[in-house]
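What the coordinates show
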Amino acid sequence: MSLKTELHTHVGSLRRYALVLTRDPVAADDLVQETLLKAIAKSDTFQPGSNLRPWLFRILHNTHVSELRRAKTRTDAAPDLPDPVARDCQHTQLELKQVLGALDQLPEAQRMPIILIALREMSYAEAARCLDVPLGTFMSRLGRGREALRRIVQGVGAGKLTILKRKEGDA
Amino acid sequence: MTRTDTPDPGLDPDLMAYVDGTLAPERMAEIEARLAHDAQAREAVAQWRHFGNLLHDYAASADDRPENLQIAALERQLARKLQKRRWRVVAFGPVVQRIAASVLLFAAGWGTHALYGSGTGNGGTVYPQFVSHTLAEHTAYKLAAFERASFEAYEMDAALDWMSQQMQQKIDSPKLDRLGYQVETARLAVVDNQPVAVFYYRNPDNERITVSMTPRALEQPDYSLRVAERDGERMAYWSSEGLHYAVIAATDAGSITTLAAAVQE
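Residues numbered from 1 in each chain as written. Chains lettered and ligands numbered in written order. Predicted model: local features only at pLDDT ≥ 70, side-chain atom pairs only at ≥ 80, totals over all residues. Heavy atoms only, no water.

Overview of the overall build of chain A
Here is the rule: Secondary structure follows DSSP: runs of H or I at least 4 residues long count as helices, runs of E at least 2 residues long count as strands, and numbering of each begins at the N terminus. When a residue's accessible area, from a 1.4 Å probe over protein chains only, is under 20% of the maximum for its type it is buried; when over 50% it is exposed; and in between it is partly exposed. Contact between two residues is taken to exist if any of their heavy atoms lie within 4.5 Å; hydrogens are not considered. Under the convention used here, a 1.4 Å probe and the Shrake-Rupley method define accessible areas, while residue burial counts only the protein chains that appear.
In terms of helices and strands, chain A carries 7 helices and 0 strands. For chain A, the sequential pattern of α-helices and β-strands runs α-α-α-α-α-α-α. Burial status across chain A gives 48% buried among its 171 residues. By sequence separation, contacts in chain A at least 24 residues apart represent 62% of the contacts at least 6 residues apart. Split by element, the accessible area of chain A, about 8,500 Å² in all, is 53% carbon and sulfur.

Quick word on the interface of chain B and chain A
Our working definition: Note: buried area is the sum, over both parts, of the accessible area (probe 1.4 Å) each one loses when the two are combined. A pair is scored as a salt bridge if a Lys or Arg side-chain nitrogen falls within 4 Å of a carboxyl oxygen belonging to Asp or Glu. Counting of polar contacts relies on pairs of N or O atoms within 3.5 Å, with two restrictions inside protein: one atom must be capable of donating a hydrogen and the other of accepting it, and residues adjacent in sequence are counted only when both atoms are side-chain atoms. Three residue categories are used. Nonpolar comprises Ala, Val, Leu, Ile, Met, Phe, Trp, Tyr, Cys and Pro, charged comprises Asp, Glu, Lys and Arg, and polar comprises the others, including Gly.
At the junction of the two partners, chain B supplies 48 residues and chain A supplies 54 residues. Interface area for chain B against chain A, summed over the two sides, is near 4,800 Å², with a carbon-plus-sulfur share of 64%. Linking chain B with chain A are 3 salt bridges, by the criterion used here. Here Asp 29 of chain A ties to Arg 65 of chain B by a salt bridge, and the two come within 3.7 Å at their closest N and O atoms. Where chain B packs against chain A, one counts 14 residue pairs in polar contact (both at pLDDT 80 or more). Of all the secondary structure elements, the ones that give two or more residues to the side of chain B that touches chain A are α1 (13-19), α3 (39-60) and α4 (69-91) of chain B. The element contributing the most residues to the side of chain B that touches chain A is α3 of chain B, with 15 residues. Considering only residue class, the side of chain B that touches chain A consists of 22 nonpolar, 12 polar and 14 charged.

Quick word on the packing of aromatic side chains
In this description, an aromatic ring pair is defined by two values, namely the gap between the centres and the angle between the planes. Residues and elements named next belong to chain B. To be explicit about the condition: Stacked, tilted and edge-to-face are the three classes applied to pairs of Phe, Tyr and Trp rings, where Trp contributes its six-membered ring and a pair requires centres within 6.5 Å; stacked means planes under 30 degrees apart, edge-to-face means over 60, and tilted covers the rest.
Taken as a whole and judged by the stated rule, the model has 8 aromatic pairs over all chains. Taking the centre distance of 6.5 Å and the plane angle of 85° together, the rings of Tyr 127 and Tyr 237 count as edge-to-face. Residue Tyr 127 is located in the loop between α6 (111-117) and α7 (129-140), and its partner Tyr 237 is located in strand β6 (residues 233-240); the two are separated by 110 residues in the primary sequence. By relative accessible area, Tyr 127 is classed as buried at 7%.

Notes on the side chain of Ser 239 of chain B
All names here are of chain B. Among the structural elements, Ser 239 can be located in strand β6. By relative accessible area, which is 1% here, Ser 239 ends up buried. Within polar-contact distance, the side chain of Ser 239 engages the side chain of His 244 at 2.8 Å.

Digging into empty space enclosed by the protein
The condition that has to hold: Any residue with an atom within 4 Å of a point lines the site, the site being either a cavity, points on a 1 Å grid over the protein atoms alone where a 1.4 Å probe fits but cannot get out, or a pocket, an open set with protein on both sides within 12 Å along at least 5 of 7 lines. Grid points are joined across faces, edges and corners, and a volume is the space filled by probe spheres set on the points.
In total, this model carries 2 cavities of 30 Å³ or more according to the counting rule given. Together, Arg 15, Leu 19, Pro 25, Ala 28 and Asp 29 of chain A together with Ala 62 and Arg 65 of chain B line the largest cavity. For the lining of the largest cavity, the secondary-structure elements that each account for two or more residues are α1 (3-22) and α2 (25-41) of chain A. Taken together, the residues that form the lining of the largest cavity break down as 4 nonpolar, no polar and 3 charged. Around the second largest cavity sit Leu 3, Phe 46 and Pro 48 of chain A together with Leu 82 and Arg 86 of chain B, which together line it. Of the residues contributing to the lining of the second largest cavity, the split by class is 4 nonpolar, no polar and 1 charged.

Looking at unusual backbone geometry
Residue and element names in this part refer to chain A. In this model, Arg 23 sits at a positive phi of 65°, which is unusual for a non-glycine residue. With respect to the helices, strands and loops of the structure, Arg 23 is situated in the loop between α1 and α2. Positive phi outside glycine occurs at Asp 132, with the angle close to 60°. By relative accessible area, which is 60% here, Asp 132 ends up exposed.

Okay, structure coming up:
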């Protein structure tokens with residue numbers, strides 16, 4: 001695979017990852033642009049022959065974390081969760097909204113592994129390299145994060161889904 | 001068993017590998033048998049998978065977005081930077097440095113002045129026949145007039161055997177893949193009743209290199225390495241072990257020397 005083709009594939013992955021991180025297509029593209037600008041500036045640090053994808057994801061990850069910290073200093077108000085891009089039925093959208101909302105409640109260290117693995121584009125080891133953590137740490141965060149996500153969704157879901165079912169029953 | 005006594009499914013690497021499809025096939029059945037009897041693990045696995053599917057589909061919706069032209073421009077810029085970076089690392093890497101040094105030593109008897117002096121410039125410079133022909137091959141790209149046979153990359157082994165017979169000398173195709181170039185085609189041309197083996201290379205950025213090898217007759221001069229420029233094309237040519245070599249590419253003087261060194265090796 002040529003470098004151009006490889007890079008194009010990775011940029012597609014970055015856009016997908018950025019969308020889940022930001023929940024906003026415009027902000028996602030801004031994040032990818034910022035990532036590419038930084039990658040251009042740091043291109044001399046890339047070791048040819050090494051894997052390009054973790055290098056790019058690490059830049060995006062760090063850029064996103066920096067931006068989150070900056071945003072936190074600007075406002076402590078929790079941002080409204082934008083509606084996800086419509087793809088499926090109302091129930092799926094509600095579930096997705098719940099999962100995305102639950103993800104927001106997780107610590108960043110657990111949130112990132114869940115999203116990276118959900119992309120289904122890399123191994124555990126490669127995803128760990130993207131986040132610059134040892135594989136054992138990554139696995140532990142992924143597992144704990146998944147269980148925490150499940151508990152949050154179950155807690156939230158019980159109430160909201162009951163309301164939804166009641167509304168459907170009223171209609 | 002109380003809730004606190006129950007092992008956390010999130011700490012079970014086999015369950016995670018099962019959900020993520022990374023479990024070895026021979027262990028799949030084992031985990032499935034376990035799940036059949038473990039309602040808690042079954043529920044956890046089902047939910048992880050479901051949440052993963054939701055997130056995956058949401059992420060994939062980015063593919064439905066139109067192309068972002070600014071991202072595309074930055075992507076091209078980064079590709080160029082990384083390509084240059086790859087080139088620099090290869091060019092200054094130990095292997096190429098060693099072969100470049102060997103070629104420069106080979107030319108040292110003539111001195112640096114001779115290496116970059118002779119043949120530089122356009123006006124009226126006369127190059128040896130094998131250089132002029134290679135330049136014509138490179139510029140016209142596969143000059144049909146002189147062709148006797150042409151081979152694709154996958155036929156290279158047979159091509160080299162046949163061309164070696166025709167040239168009555170063992171030749172090998174230069175290995176330039178470490179510099180990012182793959183051989184595309186090889187041709188045997190006949191110029192002034194003399195066979196010339198010509199190899200065409202290309203890198204992922206579509207940059208071409210033409211390399212030729214011509215048997216050197218006893219009465220012909222033995223050329224030390226020379227680097228010249230003509231119409232934006234750099235040429236390196238020299239003689240070694242009964243062959244004249246010419247390498248032509250649209251590149252700078254340092255890079256053409258590196259390419260020459262790689263061909264020589």
